[in-house]
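In case you want the letters, here they are:
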Amino acid sequence: MIKDILVHIPTERPMRAAIDGSISLAAGLNAHLDAVSVGYVATSAAYVMEGGAAVAAVFEMERERALERAETALTVFETEAKNAGVSHGCHPMGAIPADAAGAIGAMARLYDLCIVLQPDPAQGSFDNDVPREILFQAGGPVLFLPYTFRGAFKANRIGICWDGSRLAARALRDAAPFLARAEEIVIITINEANVVPGEVSASNLARHLGRRGLSTRTVGLSATRSEIQPTILSLAADESLDLLVMGGYGHSRLQERVLGGVTRAMLEAMTVPTLMSH
């Protein structure tokens, strides 16, 4: 059951996809929707705090301006949420990027679902880092919306990207509320004979979901490692899928969040909303 949702509303990138997608989803689920937005204080400004009261006052002024940017973004969200009759809350922040990422990552742990905008590699923005941080820190499902997303969110046709791994299983469980409402479910496997243990084969998964009353269809494909992501997206287009479900691979290295190759490629080129769990 999804009744409490958090959405990140960017301040340095177009916000319409995040607003439209999150509000329409919350309305459809009759869920409460909290929005968090961050106005960023330049990291260099933080160092002036070492210089005494005068420069500390300058930093505080920068933080207040950043907070105003976050409040402006949330004003747009709040107007749309009120018009849709969605129960909602707003959480503006003014902070340096590292502090903001940690705070939002911690906040995300309380929600049934977090919604974020696909990072845009063509734009240098701290708003690109927040979605990845939420994926690593939330401990639950994160719905990535393509920055090209328009209109209302729907999940009538769902594709499950299945490789039998722990992360794929976690994403499958987290997607249960969506699967229960779906009109069609497609189990997608890539190179199944080589990578999926027999105990967790696509056919066994289909039987398991069938016991929940879910009807599925399996599509097995072959691809080289570099072609896995485009193969999945090509199938999603051919099948007119509304939502993909997949594990979010990655690890921490030297205090840096590093995404797995397929996960990173998916976030860079995604064309369909994707539910990930890490």
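Because the structure is predicted, anything quoted here is derived from the model rather than measured.

Visitor: Lay out the pattern of salt bridges in plain terms, naming residues and giving numbers.
Guide: Tallied over the full model, the rule gives 10 salt bridges. For Asp 20, the salt bridge goes to Arg 16, with nearest N and O atoms at 3.0 Å. Of the two residues, Asp 20 and Arg 16 are both situated in helix H1 (residues 16-29); the distance of 4 residues between them amounts to about one turn of the helix. What makes Arg 16 partly exposed here is its relative accessible area of 33%. One connected set of salt bridges, linked through shared partners, spans Arg 157, Glu 184, Arg 217 and Glu 239.

Visitor: So, the packing of helix H10 (residues 228-238) against helix H11 (residues 261-269): which residues are in play, and what are the values?
Guide: Relative to each other, H10 and H11 sit at 50 degrees, their axes nearing to 9 Å. Judged by the angle between their axes, H10 and H11 are oblique. Where H10 crosses over H11, the handedness of that crossing is right-handed. Facing Ile 228, Gln 229, Ile 232 and Leu 233 of H10, the residues of H11 in contact are Val 262, Ala 265, Met 266 and Ala 269.

Visitor: Can you break down H1 residue by residue, with the values?
Guide: Taking 1.5 Å of rise per residue, the 14 residues of H1 would be expected to cover 20 Å, and the 20 Å separating its terminal C-alpha atoms lies within 8% of that figure. Among the 14 residues of H1, 10 are classified as buried, and the element is accordingly described as predominantly covered. For H1, the full list of buried residues reads Ala 17, Ala 18, Ile 19, Gly 21, Ser 22, Ile 23, Ser 24, Leu 25, Ala 26 and Leu 29. Looking at the residues trailing H1, positive phi occurs at Asn 30, about 55 degrees.

Visitor: Which residues make up the packing of aromatic side chains, and what values do they have?
Guide: Enumeration over the complete set of coordinates arrives at 2 aromatic pairs. On the basis of an interplanar angle of 50 degrees and a centroid distance of 5.4 Å, the ring pair of Tyr 40 and Phe 126 is categorised as tilted. Of this pair, Tyr 40 sits in strand E2 (residues 32-40) while Phe 126 is found in the loop between strand E4 (113-117) and helix H5 (129-137), placing the two residues 86 residues apart along the sequence. A residue is classified by how much of its surface remains accessible, and Tyr 40, at 7% relative accessible area, is buried. With relative accessibility at 34%, the residue Phe 126 sits in the partly exposed group. Measuring from centroid to centroid gives 6.1 Å for Phe 153 and Phe 178, while their planes differ by 75 degrees, and the two rings are edge-to-face.

Reading guide: rules and limits
- Residues numbered from 1 in each chain as written.
- Predicted model: local features only at pLDDT ≥ 70, side-chain atom pairs only at ≥ 80, totals over all residues.
- Heavy atoms only, no water.
- Salt bridge = Lys/Arg side-chain N within 4 Å of Asp/Glu carboxyl O.
- Helix = DSSP H or I, 4+ residues; strand = E, 2+ residues; numbered from the N terminus.
- Buried < 20%, exposed > 50% of the residue type's maximum accessible area, 1.4 Å probe, protein only.
- Axes fitted to C-alpha atoms, helices over the stretch in contact; angles between N-to-C directions.
- Parallel < 35°, antiparallel > 145°, perpendicular 65-115°, else oblique.
- Left-handed = near helix turned anticlockwise from the far one by under 90°.
- Contact = heavy atoms within 4.5 Å.
- Expected span 1.5 Å × (residues − 1).
- Phe/Tyr/Trp six-rings, centres within 6.5 Å; stacked < 30°, edge-to-face > 60°.

Just geometry here; none of it tells us what the structure is for.
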